[in-house]
Amino acid sequence: MDKLILIIKREYLAKVRNKSFIVLTILSPLIIVAMIALVVYLAKVNSEEKRIVAVLDESPFFAHQFETGAEASFMDFRDIPLQEAIDSVHSLGYYGLLHIPSGNNIDSVAENIQFYTKESPSLDILGSLEGKISARVREEKLSTLQITPQVINALDKNYEMNIVNFSGEKNVKGISEFKAFIGGGFGYLIMMFIIIYGAFVMRSVIEEKTTRIIEVIISSVKPFQLMLGKIIGTSLAGITQFVIWIVSAGILTYVVLSVMGIEIDTMHSRANISPEAMHTLEASASQDTIQLYVNELVKIPWGTLIVSFLLYFSLGYLIYSSIYAAIGAAVDNETDTQQFMFPVITPLMLAIYVGFFSVFENPNGPIAVAFSLFPLTSPIVMMMRLPGGVGGAGVPWWQLITSILLLILTFLFIVWLAAKIYRVGILMYGKKPSYKEIYRWLKYK
Amino acid sequence: MPNLLVAENVSKTFGNHTALNNVSLEIPEGTIFGLLGPNGAGKTTFIRIINQITYPDKGKVIFNGNPLNPDHIKMIGYLPEERGLYKSMKVGEQALYLAQLKGMSKADAQKKLKYWFERLEIGDWWNKKIQELSKGMAQKIQFVVTVLHEPKLLIFDEPFSGFDPINANLIKDEILRLKENGATVIFSTHRMESVEELCDHIALINKSNKILDGKLIDIKREFKNGTFEVGLETLQKEPLKKELEEKYTVTDAHFKSLGDELKLRVQLKKGETANDLLAHLSSRGMITHFVEVVPTANEIFIETVKRN
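- With an unreviewed UniProt entry as reference, chain B is termed ABC transporter ATP-binding protein, source organism Galbibacter pacificus.
- Of the comments in the UniProt record for chain B, the one headed Sequence similarities (unreviewed entry) reads "Belongs to the ABC transporter superfamily."

- Labelled according to an unreviewed UniProt entry, chain A appears under the name ABC transporter permease, originating from Galbibacter pacificus.
- As its UniProt record puts it under Subcellular location (unreviewed entry), chain A is described as follows: "Cell membrane".

So this is what it looks like as structure tokens:
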């Protein structure tokens, strides 16, 4: 046990003190934050450019319609010929000229409105102009029809379907996608962690082989202890890195954004949401619905979710990293690992794709169930199903328990298998092993 | 002298390959035991069994009176032939780590490391990384790490490889000193002159079988066949040679001398003594050279392996 702790400590320190590790740990959040800052800054610079649009209104309909806003300021031109207006807009360097021709019918006027500009105008200016015009047209028409704003308000009713589950609780649209998103996040985290730090374990085993220190060490400790210490030490280093990334990226983003004078809140409203989605969101964002979302969020079994995450994460990581360790032990250098990597990556990829395409759609469908029971994919797929809850409408208890039991059995089996391969492999030099050869190793005493 | 290590009928196979076949060995305490054999004979497998890196299929190993068990690991120091250190770890840190893996406390390891580093004059390397050191320097560290925990049994597999003659000599003296202090040494090498110099006992393994073992002196006695190298100043070289050939088995000898004397290797017949030959020769001329030919470890090695 003492020796295991010694090994864990050494592996941890060796990893954490490694220059490339330090550089990666420090630089990654900086780079990400710098990128975000750059994008935000550029967007800001872009939108701060003052754009002046001249309006030549010859009709009686559009007076006071064009107020200076965020996207452009408007300049009123009056009683000058069109050509002269175009020329002066051009010579003054304005963004464009909106020409509203004269006429008595608002429809035909609107039909003939022209926007003169040097280049093709940006979408937000165009959208804003179009919005202003169509609002005015609508208002004018309504008043000709003698419909009051009250009538319009009474008419303007968005319909929203009420969703209720069998036990009579109210549900909200989009919540299952939201839950799947949370589960997907957990699953993705597990996969990324396995791929990144599993490879670290493998490289570290290969390093011990190539520096030939392995025989010195295993004359002091059992190969299994060394393997386990390596896996745990590397994963602790990995967790350290993840925590540093998350915390520092959070702090840095906050600092940078506040230095640049951008409120976090405005960031959200500027997010790239299509107008339709925005519309739906706005429509459903009544106080009532928000409350429902909050209720649903609270209803996600966070306790179960976090406990399961820790369980699936550790078991999944241990299974995969011991396979990685065995691969590292079997080969002499990293290029020889290719033939063994494919079978390792495949179930991980499969789990993610099955998760995104099948589990999100139907968290309790046969595919989702099968993959959340199969031990090589269950850490990822089950995590995607779990935010829906356990028992009742969620994952049946028997599935969760079976899945965990299978995972534990597989864990014991794989670690046993990997330890055997590892023990023989670390002392084998010079030949590139085949699957057949490795199978033979399993029979060695 | 009690035996520190006894192997009884140890066998080990890897798939279809037999690495050790029924090998029995006794290694007396406080001696240097040469474990010899051609490449691939099974020496490394035997050493790995002692180190509990691998386990015998059949037979057993007794260490210090008890069947080999994990408690013995800290009583054994092993310098493998395939050896190395973590390249990017600092010397001191690494030595401490390896010592602690052998069960030493940190304080104890620190104290002893200081002693050894001073002894081998490598104290100022403590904060260097292994990759900054030369191969010979790294080998010194490796030697220190092997002996640091004062093991009862030391196993050196080609300990002199990578050393210049001066440092090889230094290490040789250290090995002898460790033996003086009571350690038992298993010494595996292909350099027969160091076997000659260091080993009290040897065992020869060839093709998974032990083909020879015992005290080096006894083995030599067994292998000598009453052959003498003689130098004789005489005017009648050819007639004398013919005369000797009638009585003994005679071949030409080649050794360095000042004169142009007759140089022969003469093998006695059974029952004859060196004195008989000496008396015969002294009546024929001036004897300049008379040495019993004792087989070298190298000759014994080659002859035994060939005969097998």
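**Some details on the overall build of chain B**
- Assigned secondary structure in chain B consists of 10 helices and 14 strands.
- Relative to a compact globule of 308 residues, whose C-alpha radius of gyration would be 19 Å, chain B shows 24 Å and is clearly more extended.
- Its C-alpha atoms put chain B at 75 × 45 × 35 Å along the principal axes.
- The buried share of chain B, taken over its 308 residues, is 51%.
- Considering only contacts within chain B whose residues lie at least 6 apart along the sequence, 69% involve residues at least 24 apart.
- A total accessible area of about 14800 Å² is found for chain B, and carbon and sulfur atoms account for 49% of it.
- Each charge sign in chain B was given a centre, from 42 positive and 41 negative side chains, and these centres are 5 Å apart.

**Structural notes on the pattern of salt bridges**
All names here are of chain B.
- As enumerated under the stated definition, the model contains 31 salt bridges over all chains in all.
- For Lys179, the salt bridge is made with Asp200, and the minimal N-O distance between the two is 3.2 Å. Of the two residues, Lys179 is situated in helix α5 (residues 165-180) and Asp200 in the loop between α6 (192-198) and β9 (201-206); the sequence distance between them amounts to 21 residues.
- A relative accessible area of 24% places Asp200 in the partly exposed class.
- Across the pair Lys210 and Asp213 runs a salt bridge whose closest N-O atoms are separated by 3.4 Å.
- A residue is classified by how much of its surface remains accessible, and Lys210, at 29% relative accessible area, is partly exposed.
- Under the relative-accessibility criterion, Asp213 is labelled partly exposed at 33%.

**Regarding the environment of A:Asn333**
All names here are of chain A.
- Relative to the elements of secondary structure, Asn333 occurs in the loop between α13 (302-330) and α14 (338-359).
- Note on Asn333: relative accessible area 32%, which makes it partly exposed.
- Separated by 97 residues in the primary sequence, Asn333 and Gly430 have C-alpha atoms spaced 10.0 Å apart.

**Some remarks on the pairing of strand β1 (residues 52-57) of chain A**
- Sheet analysis places β1(A) next to strand β2 (residues 73-77) of chain A, joined by five bridges and oriented parallel. Each residue of the ladder has a partner; that of A:Leu56, found in β2(A), is A:Phe77.

**Quick word on the UniProt feature "domain: ABC transporter" (unreviewed entry) in chain B**
- The UniProt feature table records "domain: ABC transporter" (unreviewed entry) at residues 5-232 of chain B.
- Note that residues 5-232 of chain B is 34% helix and 30% strand, and that its end C-alpha atoms are spaced 49 Å apart.

**Regarding the pairing of strand β10 (residues 209-215) of chain B**
All names here are of chain B.
- As paired elements, β9 and β10 share six bridges and run antiparallel to each other. When the bridges of β10 are listed, Ile205 appears paired with Lys210.
- Hairpin connection, β9 to β10: the antiparallel pair is bridged by two residues, and Lys207 has positive phi, about 45°.

**Observations regarding empty space enclosed by the protein**
- Using the criterion set out here, one finds one cavity of 30 Å³ or more in the structure.
- In this structure, the largest cavity occupies an estimated 80 Å³ of space.
- In this structure, the largest cavity is lined by A:Val216, A:Ser219, A:Ser220, B:Gly77, B:Tyr78, B:Leu98, B:Lys102, B:Val145, B:Thr146 and B:His149.
- Of all the secondary-structure elements, those providing two or more residues to the lining of the largest cavity are β6 (76-79) and α4 (135-147) of chain B.
- The class makeup of the residues in the lining of the largest cavity is four nonpolar, five polar and one charged.

**Observations concerning the domain arrangement of chain B**
- The domain architecture assigned to chain B consists of domain 1 (3-221) and domain 2 (225-292).
- For domain 1 of chain B and domain 2 of chain B, the distance between their C-alpha centroids amounts to 44 Å.

**Remarks on a nonpolar patch on the surface**
Residues and elements named next belong to chain A.
- A contiguous nonpolar patch, built from Leu236, Ile239, Val243, Val247, Ile251, Tyr254, Val255 and Val259 and spanning about 730 Å² of accessible area, is present on the exposed surface.
- Locating Leu236 in the fold gives a position in helix α9 (residues 223-259).
- Leu236 sits in the partly exposed class, given a relative accessible area of 39%.

About the cut-offs
Residues numbered from 1 in each chain as written. Chains lettered and ligands numbered in written order. Predicted model: local features only at pLDDT ≥ 70, side-chain atom pairs only at ≥ 80, totals over all residues. Heavy atoms only, no water. UniProt positions renumbered as here; feature names shortened; annotations may be inferred. Helix = DSSP H or I, 4+ residues; strand = E, 2+ residues; numbered from the N terminus. Rg over C-alpha atoms; globule rule 2.2 N^0.38 Å. Buried < 20%, exposed > 50% of the residue type's maximum accessible area, 1.4 Å probe, protein only. Contact = heavy atoms within 4.5 Å. Areas by Shrake-Rupley, 256 points an atom, 1.4 Å probe, with all protein chains shown as cover. Lys, Arg positive; Asp, Glu negative; His and termini not counted. Charge placed at Lys NZ, Arg CZ, Asp CG, Glu CD. Salt bridge = Lys/Arg side-chain N within 4 Å of Asp/Glu carboxyl O. Pairing = 2+ DSSP bridges. 1 Å grid on protein atoms, 1.4 Å probe; cavity = no way out; pocket = protein on both sides within 12 Å on 5 of 7 lines; lining within 4 Å. Points joined across faces, edges and corners; volume = space filled by probe spheres on them. Nonpolar A, V, L, I, M, F, W, Y, C, P; charged D, E, K, R; others polar. Domains from an automatic or database assignment. Patch = residues over 30% accessible without salt bridge, like charges linked within 9 Å, V, L, I, M, F, W, Y side chains within 5 Å.

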